[in-house]
Amino acid sequence: MNLAPISVTKTTQPLKKPDANNLGFGQYFTDHMFVAKYSDAKGWYDSQILPYGPLALDPAASVLHYGQALFEGMKAFRQGNGDVALFRMDYNWNRMCQGAERLCMVAPPKELFLEGIRKLVEIDKDWIPENKGSALYIRPTLIGNEGFLGVRPSREYMFFVILSPVGAYYKSGLSPVNIWVEEDFTRACPGGLGATKAAANYASSLKAAYEAKKKDYSQVLWLDTTRTYVEEVGTMNVFFVFKNEIVTPSLEGTILAGGTRDSVIQVLKSWGKPIVERKIKLSEIREGAQSGNLVEAFGTGTAAVITPMGELAAKDWKVKINNGQMGELTTKLYQELTDIQYGFKADNLNWIEKLK
Ligand SMILES: *Cc1c(COP(=O)(O)O)cnc(C)c1O
């Protein structure tokens, strides 16, 4: 596909860079953003890089009323030799396309998605923090923006990308978090949007996370609608390490197919480990933790990469995993993935694209 070149308008008032040791997550944004528009009549048009700032939207835009919104999350890393590495961008584009299909939206073509991100990261590359653990978080977003209140898919879309320099997700370093087993709220239902990165999934998850935080739990463990099987943890995929098998829930429509999940599965396979994708009963996890047959548990996602789980608590029971300590395999996986991302290990699986 031939796309019109991206026009660039640079800021005349560059922002002050934040303290690299105090970035947090998603608090700061870079000088520029990428925006492209779509209409049924024109196709994709007006691709531009602009100074970061408010978007103009018609108050009747479909995203504001009927929630046609999808996003992605990925990272650019500053490697040891100064190179800028983008991680598995194809994976994210594919996932946006699948989500767009489910939400009756029009996804940006691959070249527009990739070129928009490459060019934006290039222009704002001075914002990429250097410490290991920190990165430039990339947030591509697709919204329906036709001004029309009839209920049908929008005929106009806006695709935009913003960038946020982020520190290590957990300030105190990688240490096991406590998890609340959520038996009241569910994140996704069969036939619903759970397999997409729809903004709506986040809206539906906030209440449970907020209630768990009030009880001092950092994330919730999501169960299926029958409250029998384990699905995800917070906004991460979940893995359990038993003595004779490593398991992660199979993708059956209610689980988001994480790129980190996929990377972990591929790394485990390359190590010859017994990784199995299947349905996992909550009772298995509880009994395994009690008997000691479950030795490690962790979540996976772009933001934190790997998050060890130290304790699971439900309304009337509580179990520790590995005595609340971070496990050996969890540690090794975190090392392996971040070593590839930061260029300390060979990228044998072809996940890295260097910015030219
Ligand atoms: C984004 C997300 C993940 C993790 O996906 P990655 O591609 O690994 O970042 C897992 N679960 C949910 C619900 C998500 O939204």
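Cut-off values and rules
Residues numbered from 1 in each chain as written. Predicted model: local features only at pLDDT ≥ 70, side-chain atom pairs only at ≥ 80, totals over all residues. Heavy atoms only, no water. Patch = residues over 30% accessible without salt bridge, like charges linked within 9 Å, V, L, I, M, F, W, Y side chains within 5 Å. Areas by Shrake-Rupley, 256 points an atom, 1.4 Å probe, with all protein chains shown as cover. Salt bridge = Lys/Arg side-chain N within 4 Å of Asp/Glu carboxyl O. Helix = DSSP H or I, 4+ residues; strand = E, 2+ residues; numbered from the N terminus. Buried < 20%, exposed > 50% of the residue type's maximum accessible area, 1.4 Å probe, protein only. Core = buried A, V, L, I, M, F, W, Y, C linked by side-chain atoms within 4.5 Å. Domains from an automatic or database assignment. Contact = heavy atoms within 4.5 Å. Buried area = accessible area lost by both parts, 1.4 Å probe. Axes fitted to C-alpha atoms, helices over the stretch in contact; angles between N-to-C directions. Parallel < 35°, antiparallel > 145°, perpendicular 65-115°, else oblique. Near = heavy atom within 4 Å. Polar contact = N/O pair within 3.5 Å; in protein donor to acceptor, adjacent residues only side chain to side chain. Nonpolar A, V, L, I, M, F, W, Y, C, P; charged D, E, K, R; others polar.

Draft legend 1. Looking closely at a nonpolar patch on the surface. Together, L55, L57 and L64 give the surface a local cluster of nonpolar side chains, amounting to about 230 Å² of exposed area. With respect to the secondary-structure elements, L57 resides in the loop between β3 (43-51) and α1 (62-66). Taking relative accessible area as the criterion, L57 reaches 32% and is therefore assigned partly exposed.

Draft legend 2. Looking closely at the nonpolar core. In terms of nonpolar packing, the biggest core is built from 35 residues, with F34, I117, V121, I138 and L142 touching the most fellow members. Looking at this core, the elements with two or more residues in it are β2 (32-39), β3, β5 (74-78), β6 (84-87), α2 (89-102), α3 (110-123), β7 (135-144) and β8 (156-166). Per-element tally for this core: the top contributor is α3, with six residues. Judged by nonpolar contacts, the second largest core, of 26 residues, contains V238, V247, I285 and A289.

Draft legend 3. Quick peek at the domain arrangement of the protein chain. Splitting the protein chain by domain gives domain 1 (7-167) and domain 2 (177-341). Taken over C-alpha atoms, the centre of domain 1 sits 27 Å from the centre of domain 2. Taken together, the contact pairs 20 residues of domain 1 with 22 residues of domain 2. Three residues stand out in domain 1 for area buried against domain 2, namely F71, R95 and R102, and they jointly supply 30% of the buried area on that side. Scanning the region where domain 1 abuts domain 2 turns up one salt bridge.

Draft legend 4. Just the packing of helix α5 (residues 259-270) against helix α7 (residues 328-341), in detail. At a minimum axis distance of 11 Å, the contact between α5 and α7 shows a crossing angle of 105°. The orientation of α5 relative to α7 falls into the category roughly perpendicular. Between α5, through T260, S263, V264, V267 and L268, and α7, the contact on the second element is made entirely by L329, L333, E336 and L337.

Draft legend 5. Broad picture of the site of the ligand. The local shell around the ligand holds 14 residues, among which K197, Y202, E232, T260 and T302 are the closest. With respect to the ligand, the side chain of K197 contributes an N or O atom lying 2.7 Å from an oxygen atom. E232 is positioned such that a nitrogen or oxygen atom in its side chain is 2.5 Å from a nitrogen atom of the ligand. With the chains in place, 95% of the 380 Å² that the ligand exposes on its own is no longer accessible. Each residue belonging to the shell around the ligand can be placed in one class, and the counts come to three nonpolar, seven polar and four charged.

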